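Residues per chain are reported as follows:
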Protein chains: 2
Amino acid sequence: MTALWRRHPVGIVGLGLIGGSLGLDLQAAGGVVKALVHREATAERARSRGLATEVSTDPAVLRGCGLVVLALPLDRLLEPWPELVAALPPEAVITDVGSVKQPVLAQWEGLVGGRFVAGHPMAGTARSGVEAGEPGLFLGRPWVATPSGATDPAALEGVRQLAGAVGARWLTCAVAEHDRAVALISHLPVLVGAALLQAADRGSREPLGQGAAPADSPAAEDLATLVRALASSGYADTTRVGGGNPELGTLMARSNREAVLEALGFYREAFTALEALVEQGEWGALRNDLEECQRLRPDFL
Amino acid sequence: MTALWRRHPVGIVGLGLIGGSLGLDLQAAGGVVKALVHREATAERARSRGLATEVSTDPAVLRGCGLVVLALPLDRLLEPWPELVAALPPEAVITDVGSVKQPVLAQWEGLVGGRFVAGHPMAGTARSGVEAGEPGLFLGRPWVATPSGATDPAALEGVRQLAGAVGARWLTCAVAEHDRAVALISHLPVLVGAALLQAADRGSREPLGQGAAPADSPAAEDLATLVRALASSGYADTTRVGGGNPELGTLMARSNREAVLEALGFYREAFTALEALVEQGEWGALRNDLEECQRLRPDFL
């Protein structure tokens with residue numbers, strides 16, 4: 001049977017990085033794309049970039065769509081505006097692209113039932129907004145769905161075919177598995193990197209202990225300057241996501257709080273054990289742990 | 001007065017990344033470089049790469065040098081072989097390139113007194129060994145010296161001119177300041193990244209709680225596979241140094257134990273405070289902290 005996205009127009013709500021890229025790829029694959037955006041200026045720019053077949057700020061644009069992709073930021077997925085919900089075609093499959101799945105699934109299954117498919121295409125670049133969409137963004141990238149017991153299998157299949165049409169790698173898992181996974185590999189690194197920045201800042205302002213008088217050379221650097229001057233690419237890499245978008249970091253922690261707390265617990269355990277090895281001078285055991293880490297990392301690349 | 005490195009040959013002990021690069025740049029600047037290496041195969045390769053004016057495995061090659069750079073790994077700086085110490089010209093300025101300074105300073109001031117200058121050129125690439133040396137490695141990079149009360153000012157000046165000859169940015173500070181700085185920005189990130197790898201590994205093998213049954217779809221991924229499949233460039237960056245050379249990570253922690261423990265303490269404090277904000281749902285305060293981190297990071301780049 002012909003895929004849902006070929007039989008009917010596909011609605012895309014939001015034309016940022018994910019929505020815009022999806023619109024480009026679906027049209028290139030022969031689909032008809034109807035996009036809803038919030039502001040007229042965005043609509044005009046999206047039209048001139050050709051991000052969708054039709055772009056409007058009127059929710060009625062979604063009429064006739066067989067599948068609607070909610071390509072909205074997480075906070076707007078969790079508090080959707082009523083006009084949008086009202087405008088969704090009553091039979092259409094609805095899916096989203098949010099990076100945390102449990103609260104989105106609860107919210108949208110409540111609104112539209114089993115025709116909602118919670119999804120998460122893992123394709124990011126640093127860019128966002130109507131200029132960000134690009135062809136081929138999803139090629140070979142994971143597109144995760146977290147079906148529940150209530151999810152309509154035909155709806156799930158419709159989204160699977162959509163993901164396949166843009167070259168994504170389809171994965172399914174339980175919603176709690178997804179949310180733990182993103183807590184461990186995406187939300188925890190933000191807090192870990194943030195703490196590293198704060199530690200270097202605090203540590204560079206704390207006076208040195210007794211017997212560690214600063215150099216009395218007039219050219220000697222103060223500690224705060226020194227710490228910053230000596231930071232190399234390793235420090236820059238380790239803190240990249242920790243020094244990233246604060247709004248986004250907060251939203252992730254907030255909407256995935258339970259899984260993030262659990263991930264913080266796993267992390268604290270590992271960190272405390274490493275600290276104890278240094279404290280006790282267990283150098284052989286420390287090297288074993290670091291060797292394990294060296295072996296572990298390639299699987300995460 | 002003519003710089004020491006111009007008046008007499010410069011000795012370099014070890015022709016790895018730092019020693020080899022220094023040899024290339026000093027010769028290009030008009031200096032005469034006499035290099036001592038451990039193995040004849042290394043000497044041959046170093047000769048054919050032109051890393052020094054003269055390369056030998058015989059410590060006598062250092063005769064007549066006015067300044068000797070110990071471009072050796074930290075463990076060999078801390079336990080120098082006696083033939084090397086005996087072969088150092090009795091009036092020469094001796095300096096090193098080790099990444100931890102307190103134990104090196106203690107060891108070498110004991111051996112040669114105030115003509116030892118503890119130094120640390122911060123110029124690294126991932127490469128090492130006789131093939132690694134490259135021209136221009138030090139250009140614009142920090143070269144830190146940590147003079148003590150016993151350091152001969154003329155010796156310090158001789159090393160400063162050497163660093164200047166290869167385009168490095170000269171900095172001086174107290175030895176305790178240097179060791180705290182590298183603990184915060186270089187050694188701590190190793191342990192932080194290592195704990196993140198262990199946390200993701202452990203967390204991906206720990207069963208989910210009650211009420212979080214895995215998806216029953218036959219295609220559903222197991223959690224360990226999922227966590228690895230979803231890891232993105234942010235995770236890769238945050239764990240790069242944590243998944244690096246275990247030997248080196250252990251050596252850093254071991255030779256800079258006090259400062260690393262102190263840095264772990266600064267980190268634990270920051271991490272615990274962030275964890276408490278998530279635990280208590282203090283989202284405004286968490287955003288403030290992440291905003292501070294976003295402001296802090298550019299100074300470390």
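Values in this document were obtained by computation on a predicted structure and should not be read as measured data.

1. Some words on helix H13 (residues 283–296) of chain B
With 14 residues, H13(B) extends 20 Å between its outermost C-alpha atoms, agreeing within 8% with the 20 Å of an ideal straight helix rising 1.5 Å per residue. Among the structural elements, helix H8 (175–203), helix H9 (223–230), helix H11 (246–255) and helix H12 (257–279) of chain A together with helix H12 (257–279) of chain B are those in contact with the buried residues of H13(B).

2. A word on the relation of the copies chain B and chain A
With an RMSD of 0.0 Å, chain B superimposes on chain A once it is rotated by 180° and translated 0.0 Å along the axis. The operation mapping one copy onto its partner corresponds to a two-fold rotation axis. Among all residues of chain B, the one whose C-alpha sits closest to the rotation axis is Thr238(B), at a distance of 2.0 Å. A share of 100% of interface residues in chain B that are also interface residues in chain A marks the association as one of identical surfaces.

3. Observations concerning the nonpolar core
Among the nonpolar cores identified, the biggest contains 89 residues, and Tyr267(A) and Tyr267(B) are the most heavily contacted of them. Looking at this core, the elements with two or more residues in it are H8, H9, H12 and helix H13 (283–296) of chain A together with helix H8 (175–203), helix H9 (223–230), H12 and H13 of chain B. Apart from residues no more than four positions distant in its own chain, Tyr267(A) is found in contact with Leu188(A), Val192(A), Val192(B), Ala195(B), Leu196(B), Ala199(B), Tyr267(B) and Phe271(B).

4. A word on the sheet that holds strand S8 (residues 142–145) of chain A
Residue and element names in this part refer to chain A. One open sheet holds the three strands; their spatial order is S7-S8-S9, and the pairing between them is mixed. Every other strand in the sheet has two partners, leaving strand S7 (119–121) and strand S9 (169–172) as the edge strands with one partner each. Between one strand axis and the next, the sheet turns by 20° as a mean value, whatever way the strands run. Sheet topology places S8 next to S9; four bridges connect them, and they run parallel. Each residue of the ladder has a partner; that of alanine 145, found in S9, is threonine 172.

5. Topic: the interface of chain B and chain A
Each partner contributes to the interface: chain B provides 101 residues, whereas chain A provides 101 residues. Summing the contributions of chain B and of chain A, the shared interface buries around 9700 Å²; its carbon and sulfur component is 67%. The interface formed by chain B and chain A holds ten salt bridges in total. A salt bridge links Arg287(B) to Glu247(A), with the nearest nitrogen and oxygen atoms 2.5 Å apart. Run the count over chain B and chain A and you get 33 residue pairs in polar contact (both at pLDDT 80 or more). Of all elements in the fold, only strand S8 (142–145), strand S9 (169–172), H8, H9, helix H10 (233–238), helix H11 (246–255), H12 and H13 of chain B reach the threshold of two or more residues within the side of chain B that touches chain A. Broken down by element, the residue count for the side of chain B that touches chain A peaks at 23 residues, all from H8(B). When the residues that make up the side of chain B that touches chain A are grouped by side-chain class, the tally is 57 nonpolar, 21 polar and 23 charged.

6. Section: the side chain of Thr239(B)
Along the polypeptide, Thr239(B) turns up in the loop between H10 and H11. With relative accessibility at 0%, the residue Thr239(B) sits in the buried group. With residues up to four places along the chain from it excluded, the contact list for Thr239(B) reads Arg297(A), Gly193(B), Leu196(B) and Leu197(B).

7. Focus on the pattern of salt bridges
Under the defined criterion, the tally for this structure stands at 34 salt bridges over all chains. Between Arg160(B) and Glu157(B) there is a salt bridge, with its nearest N and O atoms 2.8 Å apart. A residue pair is termed a helical-turn pair when its members lie 3 or 4 positions apart in one helix, as Arg160(B) and Glu157(B) do in helix H7 (residues 153–165) at three residues. Here the salt bridges do not stand alone but share partners, grouping Asp201(A), Arg202(A), Arg205(A), Arg228(A), Glu292(B) and Asp299(B) into one network.

8. So, helix H3 (residues 40–49) of chain A
Residue and element names in this part refer to chain A. Residues Thr42, Ala43 and Ala46 constitute the buried set of H3. Angular distribution of buried residues about the axis of H3 spans 100°; they occupy a single face of the element. Pointing more than 90 degrees away from the buried face of H3 are the exposed residues Ala41 and Ser48. Check the buried side of H3 and you find it contacts strand S3 (54–56). Directly beyond the C-terminal end of H3, a positive phi value near 70° is found at glycine 50.

9. Thoughts on the sheet that holds S3(A)
All names here are of chain A. An order of S3-S2-S1-S4-S5-S6 is seen for the six strands of this open sheet, with the pairing classed as parallel. Of all strands in the sheet, those bounded by a partner on one side alone are S3 and strand S6 (116–117). Contacting strand S1 (10–13), strand S4 (67–70), strand S5 (93–96) and S6, helix H7 (residues 153–165) runs over the sheet at an angle of about 70° to S4.

Parameters at a glance
- Residues numbered from 1 in each chain as written.
- Chains lettered and ligands numbered in written order.
- Predicted model: local features only at pLDDT ≥ 70, side-chain atom pairs only at ≥ 80, totals over all residues.
- Heavy atoms only, no water.
- Helix = DSSP H or I, 4+ residues; strand = E, 2+ residues; numbered from the N terminus.
- Expected span 1.5 Å × (residues − 1).
- Contact = heavy atoms within 4.5 Å.
- Least-squares fit on C-alpha atoms with pLDDT ≥ 70 in both.
- Core = buried A, V, L, I, M, F, W, Y, C linked by side-chain atoms within 4.5 Å.
- Buried < 20%, exposed > 50% of the residue type's maximum accessible area, 1.4 Å probe, protein only.
- Pairing = 2+ DSSP bridges.
- Axes fitted to C-alpha atoms, helices over the stretch in contact; angles between N-to-C directions.
- Buried area = accessible area lost by both parts, 1.4 Å probe.
- Salt bridge = Lys/Arg side-chain N within 4 Å of Asp/Glu carboxyl O.
- Polar contact = N/O pair within 3.5 Å; in protein donor to acceptor, adjacent residues only side chain to side chain.
- Nonpolar A, V, L, I, M, F, W, Y, C, P; charged D, E, K, R; others polar.
- Arc of directions from axis to C-beta.

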